[in-house]
Structure formats: structure tokens, C-alpha cells
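# A closer look at the structure
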Amino acid sequence: MTVEASIVLPLVLCLLVTVIFFMRILTIQHQVGQIMDETVREGAIYGTPVSEDGKRGVASADIDPSMQGLLTARFYQKALESDLETEYIQGGVMGLNLLASHVDRTDIRLTVHYAVKLKLPFFGQDGLQIKQTASTRRWVGWNPSMENDGDSRQVFVTPHGSAYHLSRDCSYLNIRVEPVSKWTIGMRRSSDGSKYYACPFCRKGKSDTYYIANYGNRYHTRQNCPAIKRTVRQISKAEAERMGYHACSKCGGL
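Rules used throughout
- Residues numbered from 1 in each chain as written.
- Predicted model: local features only at pLDDT ≥ 70, side-chain atom pairs only at ≥ 80, totals over all residues.
- Heavy atoms only, no water.
- Core = buried A, V, L, I, M, F, W, Y, C linked by side-chain atoms within 4.5 Å.
- Buried < 20%, exposed > 50% of the residue type's maximum accessible area, 1.4 Å probe, protein only.
- Helix = DSSP H or I, 4+ residues; strand = E, 2+ residues; numbered from the N terminus.
- Contact = heavy atoms within 4.5 Å.
- Pairing = 2+ DSSP bridges.
- Salt bridge = Lys/Arg side-chain N within 4 Å of Asp/Glu carboxyl O.
- pLDDT = per-residue confidence, 0-100.

### Here we look at the nonpolar core
If you look at the biggest cluster of nonpolar residues, it comprises 27 residues, and the most contacted ones within it are V32, F75, L84, L96 and Y114. Secondary structure elements with two or more residues in this core: α1 (2-44), α2 (65-81), β2 (107-116) and β3 (128-137). Residues contacting V32, with those up to four places away along its chain left out, are F75, L84, V112, Y114 and Q132.

### Quick word on the pairing of strand β8 (residues 209-213)
A large share of β8 lies buried, amounting to four of its five residues. As paired elements, strand β6 (residues 177-181) and β8 share five bridges and run antiparallel to each other. Bridging across to β8, V180 finds its partner in Y210. Note that β8 and strand β9 (residues 218-220) share two bridges and pair antiparallel.

### Remarks on the sheet that holds strand β1 (residues 102-103)
Each strand in a sheet pairs with its neighbour through backbone hydrogen bonds, running either in the same direction (parallel) or in the opposite one (antiparallel). Pairing is antiparallel across the open sheet formed by three strands, whose spatial order is β1-β2-β3. Pairing within the sheet leaves two strands with one partner each, and these edge strands are β1 and β3. Strand direction decides the pairing type here: β2 and β3, joined by 10 bridges, are antiparallel. What sits directly across from I108, in β3, is T136.

### Considering the sheet that holds β9
One open sheet accounts for four strands, arranged β6-β8-β9-β7; its pairing is mixed. Each end of this open sheet is capped by a strand with a single partner; those strands are β6 and β7 (197-198).

### Points about the pattern of salt bridges
Counted according to the given criterion, the structure contains five salt bridges. For R24, the salt bridge goes to E85, with nearest N and O atoms at 2.7 Å. Residue R24 is found in helix α1, and its partner E85 is found in the loop between α2 and β1; the two are separated by 61 residues along the sequence. Among the residues examined, E85 registers a relative accessible area of 17% and is labelled buried.

### Quick look at the confidence of the model for the protein
On average, residues of the protein score 79 in pLDDT, and 84% of them are at 70 or above. The secondary-structure element of the protein with the lowest mean pLDDT is α1, recorded at 81, while β2 shows the highest, at 90. Confidence over residues 145-150 falls short of pLDDT 50; this stretch has three contacts with residues more than four positions distant or in other chains.

Structure below.
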């Protein structure tokens, strides 16, 4: 038993140390990946140079060296300010190689190569080579040519509505719901002076409290009725018109 223990115990200890070491490698990968994600997200909002006539200062297929250099510097700055365990990386922070990164007019792709020190003698001394990549689409700015292109304008629509809105702040999209007693609904009048009628979506519901909006002439038995609940999405004006939406009477002429 003593002989068996002397053989098995070192193997078990080596296995435990190896597992702990590779968990440390996963931690380093997570830390590096987080720094890369923060860097590319920050770079995405910088945009590209645009002249007054809308022409880009960088062609779509060209590398943007100034932005690539800026993001490289930001990456190293974030790495130095973070809790990255650089003692496990060959060369420390400068061992993080970003030469394979690519930044052009529309895309940012950071690629980092580095080697993790293998402090276990039976793995050799070359280190574990790791490659990580983070990418995002770049904000390409505003194209002045879109200003006069009505079909390209973005509008706001709701699933159960029939009108598209040019302003997200339109009162038809930001309604105010007021609870009232079912016993007094007959005495209430809408903004145009008409009586309130049951909503076709929730008229079969039973409630002692009705809900009315700051416009329209329908009362609702549910506060989350689809007729008053606004799920707003943004689409092009051309698409909205193809789907049968018409211009809002309040903000459609903006």
C-alpha cells in the first residue's frame, strides 16, 4: 500500500495542479476577451471622417491606420489598468500582439496573439499559444443624401396601429392611461367629446376598473391590452407604406 500510495499520490497532485493551471488560463482568456470587447465597442462609436458632401475620408476596403493605432493604444491602456494577470503571459502586457488586427471604414476586428507561460516542467517551455478575436460593425455616420430621400427615412410603427410616425415622441406612441371605475365610465367623455365604447380586443374581460387613454374613445378592461400597449419598432418609410401604414395625422407631416 505504501508503494502504491507513493506512485498514485504524485500523479493525483500533478493532475490537480494541471487542472488549476488550466483554469488560470481560462481566467486570462476571459480577462483578455473582456478588454477586447470594451475596446471594439468604444471604437465603434468614433465613426469615420465625413466631408460636408457626404464623402468618406476612408475608402470601404482601405485600412484606417489612425483608428487602428488608437484602438491598439486603448487596448494596452485598458490592459494596464485592469486586473489582468500578466505574470502568466510571456512578455507581460507587451506580449499581447495586435499586429493581425484590421480596421477599415465599416468594420473593426481586433486579433491578439499571446503565449501563456507553462510553469509545469512536463509541458515544455514554449508556452501555450492563444489567439483571440473581437469584432464589431463601425458606426458609419450620417449620409446627407438620405435627407431628401423620403423612402429611406426611418419611421416608427406599432403592430396593431395603422399609421407610421416620424417622431418617437408623438403622443400617439406615448399615451397616458388613466384607470376609472366601471360605474362612472358612462359619464366620462373623450377628448373630442364622444362617449367611450368597449375595446374590441378586451371587451369580453371582466373588471371593476376600466382603463382609458388620453385620446380615442375606447375603454379597456386590461391595462396591458394590445390596443393601448405600445410595442414600437423602427422601419423605413418605404417598408411601412408597403405594409399598408399611412402617415400619422399629428407627426406625419414633419
